[in-house]
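Examining the three-dimensional arrangement
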Amino acid sequence: SVMISDAARHLQAATTIAIRYAAVRRQSLLEEGTTVETQILDYNMLQRNLFPLVAAGYACHFAGMHLIKLYNQLQESLDRDDLSLLEYVHGTTTGLKYLITTIASEGLETCRKACGGHGYSKFSGLPDFYQDYVPACTYEGENTVMALQCARFLLKCETKIHKLSKPMRYLKGITQAPPSLHGKSFGQWEVQAQALETIACLAIATAKSELKQHQRGRSAGQAWNLTAAELTQAAKSHSELVLVRFLHQAAEGAKNNNSKQALRKLTTLMACSFIEPSMHLLQVAGVVGAKDLSALKKEIANSLVQIRRDAVALVDAFDLSDHFLNSALGQKDGKVYQALFEYAQKEPLNQTEVADAVKTHLQPLMKATRALFGNSKL
């Protein structure tokens, strides 16, 4: 839970910096005849890169809160010598650790790129957040190890379909005909949930089938190793479903209607972004048709438009101080270029017209070179 909350905080910081800078930075003329350059936050590709990460920042936050409660429940049950929660908690946390640390570490790099050349500068604050967080992908083992532990839990669940806890009951879909989502709106949570559950069921069924094939004439360890790619995908699909559920639950539990609507928009974008890469699997399984792929893309495009209106407010709501961000690009007042100038003035190398290193190192080297080869004729 602490690790996932840490991922949320780093992702929130990176998206705050990137979104605020994108609201200030202007580049190129999007429309002919205009004289004012376009805010880069209005470019569709930047929105597609950043807005799902804003959603992930919220989802990871709520996932961390939920897992703290789950951990406390586990501790209470263990005090009563009740081990019933142990397997579920381990399977869920290993899968989320794999998914969330991957999203956060790759998301930090995406935010850096979204800030252009300034994102690479230490003044942006992003290199520090990246350096601080990236090792999380190898805490408790390389991330694939975590995914495979989650996959092992999922295969065990698949063998006891009728004894599953409520969050895992969707796995009954493995033994049933998949639902038809033809013509249904991906803007509705019920459709999003069904699609994500079906994708996870298909991935788990594929992993089970591949594992069974590889077990013929091989040891259990060899078969497991040969099926690692399918098992990892199963863990990823399941964990995506779990993460989106946390965000949906938070949205429906929001007391303020404006907050509820904002979180619902983020839920739709995150769910559709997870569904899109697996639409071909749903199409092969007969769950959706070609027209539904176009409908999904339109839903994503619509979500981007809606989130654009609230983008700055959504990251401001993370409530991260300028002191914590330590970023010229992420200043809350939007005075990016003034801050960059001030940061440059405070840089030790800029305190003298010629850096001390020139006199200490470069000039002696230049003199020695002249002594050996003579002065250049150029």
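Sequence order sets the numbering: in each chain, residues are counted from 1 along the sequence as written. Given that this is a predicted model, residues contribute local features only at a pLDDT of at least 70 and side-chain atom pairs are listed and counted only at 80 or more, while totals for whole chains, interfaces and linings are drawn from all residues. Calculation of side-chain values draws on the structure's entire complement of heavy atoms; hydrogens and water are dropped beforehand.

**Details of the pattern of salt bridges**
Spelled out, the test is: The working definition used for a salt bridge is a side-chain nitrogen of Lys or Arg within 4 Å of a carboxyl oxygen of Asp or Glu. Put simply, DSSP marks the helices as runs of H or I at least four residues long and the strands as runs of E at least two long, and each gets a number from the N terminus on.
Inspection of every chain in the model, using the stated rule, returns 14 salt bridges. With a closest N to O distance of 3.0 Å, Lys 297 and Glu 276 form a salt bridge. Highlighted residues: Lys 297 in helix H12 (residues 290–316) and Glu 276 in the loop between helix H10 (257–275) and helix H11 (279–284), separated in sequence by 21 residues. When salt bridges with common partners are traced through the structure, they connect Arg 20, Asp 316 and Asp 322 into a single cluster.

**Notes on the layout of surface pockets**
How we decide: A 1.4 Å probe that fits into a set of points on a 1 Å grid over the protein atoms alone but cannot get out defines a cavity; an open set with protein on both sides within 12 Å along at least five of seven lines defines a pocket, and lining residues are those with an atom within 4 Å of a point. Grid points are joined across faces, edges and corners, and a volume is the space filled by probe spheres set on the points. Each residue is assigned to one of three groups, with Ala, Val, Leu, Ile, Met, Phe, Trp, Tyr, Cys and Pro labelled nonpolar, Asp, Glu, Lys and Arg labelled charged, and all others, Gly among them, labelled polar.
Each pocket or cavity is described by its volume, and for the largest pocket that value is around 590 Å³. What lines the largest pocket is a set of 25 residues, and nearest its centre among them are Pro 52, Leu 53, Ile 103, Ser 273 and Phe 274. Only helix H2 (44–79), helix H3 (86–114), helix H9 (228–253), H10 and H12 provide two or more residues apiece to the lining of the largest pocket. Element by element, the count of residues in the lining of the largest pocket is highest for H3, at 7 residues. Of the residues in the lining of the largest pocket, the class split is 13 nonpolar, 7 polar and 5 charged.

**As for the side chain of Thr 15**
As a reminder, the rule being used: We call two residues in contact whenever any of their non-hydrogen atoms come within 4.5 Å of each other.
Structurally, Thr 15 can be placed in helix H1 (residues 2–24). Sequence-distant contacts of Thr 15, that is, excluding residues within four places in its chain, are made with Leu 53, Val 54, Cys 111, Val 315 and Phe 318.

**Concerning the packing of H2 against H3**
Convention followed: Think of each axis as a best-fit line through the C-alpha atoms, taken over the contacting stretch in the case of a helix, with angles from 0 to 180 degrees between the N-to-C directions. Each angle receives one of four descriptions, namely roughly parallel if under 35 degrees, roughly antiparallel if over 145, roughly perpendicular if within 65 to 115, and oblique otherwise. In a left-handed crossing the near helix is turned counterclockwise from the far helix by less than a right angle, and in a right-handed crossing that turn is clockwise.
Packing of H2 against H3 leaves a shortest axis separation of 10 Å and a crossing angle of 150°. As far as their axial angle goes, H3 and H2 are roughly antiparallel. In terms of crossing hand, the pair formed by H2 and H3 is left-handed. Only Leu 86, Tyr 88, Val 89, Thr 92, Thr 93, Leu 96, Ile 100, Ile 103, Gly 107, Thr 110, Cys 111 and Ala 114 of H3 make contact with H2, whose side of the interface consists of Leu 46, Asn 49, Leu 50, Leu 53, Ala 56, Cys 60, Ala 63, Leu 67, Leu 70 and Leu 74. Taken together, the residues of the contact of H2 with H3 break down into 17 nonpolar, 5 polar and no charged.

**Structural notes on the packing of aromatic side chains**
Rules: Whether two aromatic rings pair depends on their centres lying within 6.5 Å, for rings of Phe, Tyr and Trp, where Trp uses its six-membered ring; planes under 30 degrees apart make the pair stacked, over 60 edge-to-face, and the rest tilted. Per-residue accessibility, obtained with a 1.4 Å probe over protein chains only, is compared with the maximum for each type, and a residue is labelled buried under 20%, exposed over 50%, and partly exposed between these values. Consider the ring centre and the ring normal. A charge sits over the ring if Lys NZ or Arg CZ is within 6 Å of that centre and within 35 degrees of that normal.
For the coordinates displayed, the defined rule picks out 4 aromatic pairs. Between Tyr 58 and Phe 318, the aromatic rings sit 4.7 Å apart at their centres with planes inclined by 40°, giving tilted as the arrangement. One end of the pair, Tyr 58, is in helix H2; the other, Phe 318, is in the loop between H12 and helix H13 (322–325), with 260 residues separating them in the sequence. Comparing Tyr 58 with Phe 318, the two get one shared label, buried. Here the basic side chain of Arg 152 rests over the ring of Trp 224, its NZ or CZ set 4.0 Å away from the ring centre.

Distances and angles like these do not, on their own, reveal function.
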